[in-house]
Amino acid sequence: MFSKFIKNNDLGKTLQEMDEERIPQHIAIIMDGNGRWAKKRHLPRIAGHKTALTTVKEITKAASNFGVKVLTLYTFSTENWKRPKKEVEFLMSLPITFFDTFVPELIENNIQVNAMGELGELPPETLAAVKRAIAQTSHCTGMILNFAINYGGRDEIVAAVKNLAVKVEKKELVADSINEDMISDALMTRKLAKLANPDLLIRTSGEQRISNFLLWQLAYSEFIFSDVLWPDYTPEDLCENIIEYQKRDRRFGGLKKG
């Protein structure tokens, strides 16, 4: 299967070790290390963020070719507004140039764009670029490229609780009837339906924390912490991480069968 997608590249033997029948359906990635990548090269931090866009393109196409159904990328957190103003302004400008150049490739690869977060708080031009990419790829039926922009896991849960509380106040819902499915349906990942919960979380740069990302959805996800800085992360690294995931025994709180 993989050979028809990827030929004459550096994946080589690594790709052959991947089980195409056990590809994680939903992979979430915390793209970390852009600033450190730039610092190692005596470059400004924004150089790391700019280079990271190439990585996003490569990993998106590789994930789609591997058979992943949803790729969620932690693009900008609600805490990232605390960064220096010039860096934030640069980060907010990236979606505009990124989508203008990448959307044709996404359409060519049948990849659909989705976004979640407090999108209404984005600068108008940034929000317009995101909405435009979503509209332009809405007809695509392949992998969903899901951007978490101005997203925070705690904020998401608080918003979901408030939404359910309003329904209780209006007597549209009985408090005792609230269950996990109702909470899941009130979260920002509800559009992903059965694929809302990542099978695999990858964080690059060696940091080992989830940084307020998908707090509800990651309950039973497998975690892999890669030492590779995001601008250096390659399809081969993704392949190796998927192979590591495939070696895990996922029991979801139960016991191994047999």
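Bear in mind the structure is a predicted one, so any value in this text is a computation, not a measurement.

Caption draft 1: Representation of the overall build of the protein within the structure. Along its length, the protein carries 8 helices and 6 strands. For the protein, the α and β elements follow one another from N to C terminus as α-β-α-α-β-α-β-α-β-α-α-β-β-α. The C-alpha radius of gyration of the protein comes to 19 Å, within 12% of the 18 Å expected for a compact globule of 258 residues. Summarising its shape, the C-alpha atoms of the protein cover approximately 60 × 55 × 35 Å along the three principal directions. Within the span of the protein, comprising 258 residues, buried residues form 47% of the whole. Pairs at least 24 residues apart make up 78% of the contacts formed inside the protein by residues separated by at least 6 positions.

Caption draft 2: Focus on the environment of Leu164. Relative to the helices and strands, Leu164 resides in helix α6 (residues 153-169). Residue Leu164 is classed as buried on the basis of its relative accessible area of 8%. Residues Leu164 and Met182, spaced 18 residues apart in sequence, show a C-alpha to C-alpha distance of 8.4 Å. Residues in contact with Leu164, not counting those within four places in the same chain, are Leu173, Ile178, Met182 and Ile183.

Caption draft 3: Seen up close, the environment of Gln208. Mapping Gln208 onto the fold places it in the loop between β5 (200-203) and β6 (222-225). Judged by relative accessible area, which is 62%, Gln208 ranks as exposed. Separated by 84 residues in sequence, Gln208 and Pro124 have C-alpha atoms that sit 34 Å apart.

Caption draft 4: Layout of α6. For α6, with 17 residues, the first-to-last C-alpha span of 24 Å sits near the 24 Å given by 1.5 Å per residue. When α6 is considered as a whole, its buried residues turn out to be Gly153, Glu156, Ala160 and Leu164. Burial along α6 is one-sided: seen end-on, the buried residues are contained in an arc of 65°. Looking at α6, the residues exposed on the side facing more than 90 degrees away from the buried face are Arg154, Val161, Lys162 and Glu169. Buried residues along α6 sit against β4 (144-151) and α7 (180-185). Backbone geometry just after α6 places Lys171 at a positive phi near 60°.

Caption draft 5: Examining the layout of surface pockets more closely. For the largest pocket, the calculated volume is near 730 Å³. In this structure, the largest pocket is lined by 34 residues; those nearest its centre are Met31, Tyr74, Thr75, Asn80 and Arg83. Those elements that place two or more of their residues in the lining of the largest pocket are α2 (34-40), α3 (45-66), β2 (70-77), α4 (85-108) and β4. Ranked by the residues each element gives to the lining of the largest pocket, the list is headed by α4, at 6 residues.

Caption draft 6: Region of the structure containing the sheet that holds β5. Ordered by their spatial adjacency, 6 strands build an open sheet running β3-β4-β2-β1-β5-β6, and the pairing between neighbours is parallel. With one partner strand each, in any of the chains shown, β3 (112-116) and β6 form the two edges of the open sheet. Each adjacent strand pair in this sheet contributes to an overall mean axis angle of 20°, direction not counted. In this sheet, β6 lies alongside β5 in parallel orientation, the contact comprising 4 bridges. Considered in β6, the bridge of Ile202 is made with Ile224. The sheet contacts of α4 involve β2, β3 and β4, and relative to β4 the element is tilted by about 170°.

About the criteria used
- Residues numbered from 1 in each chain as written.
- Predicted model: local features only at pLDDT ≥ 70, side-chain atom pairs only at ≥ 80, totals over all residues.
- Heavy atoms only, no water.
- Helix = DSSP H or I, 4+ residues; strand = E, 2+ residues; numbered from the N terminus.
- Rg over C-alpha atoms; globule rule 2.2 N^0.38 Å.
- Buried < 20%, exposed > 50% of the residue type's maximum accessible area, 1.4 Å probe, protein only.
- Contact = heavy atoms within 4.5 Å.
- Expected span 1.5 Å × (residues − 1).
- Arc of directions from axis to C-beta.
- 1 Å grid on protein atoms, 1.4 Å probe; cavity = no way out; pocket = protein on both sides within 12 Å on 5 of 7 lines; lining within 4 Å.
- Points joined across faces, edges and corners; volume = space filled by probe spheres on them.
- Pairing = 2+ DSSP bridges.
- Axes fitted to C-alpha atoms, helices over the stretch in contact; angles between N-to-C directions.

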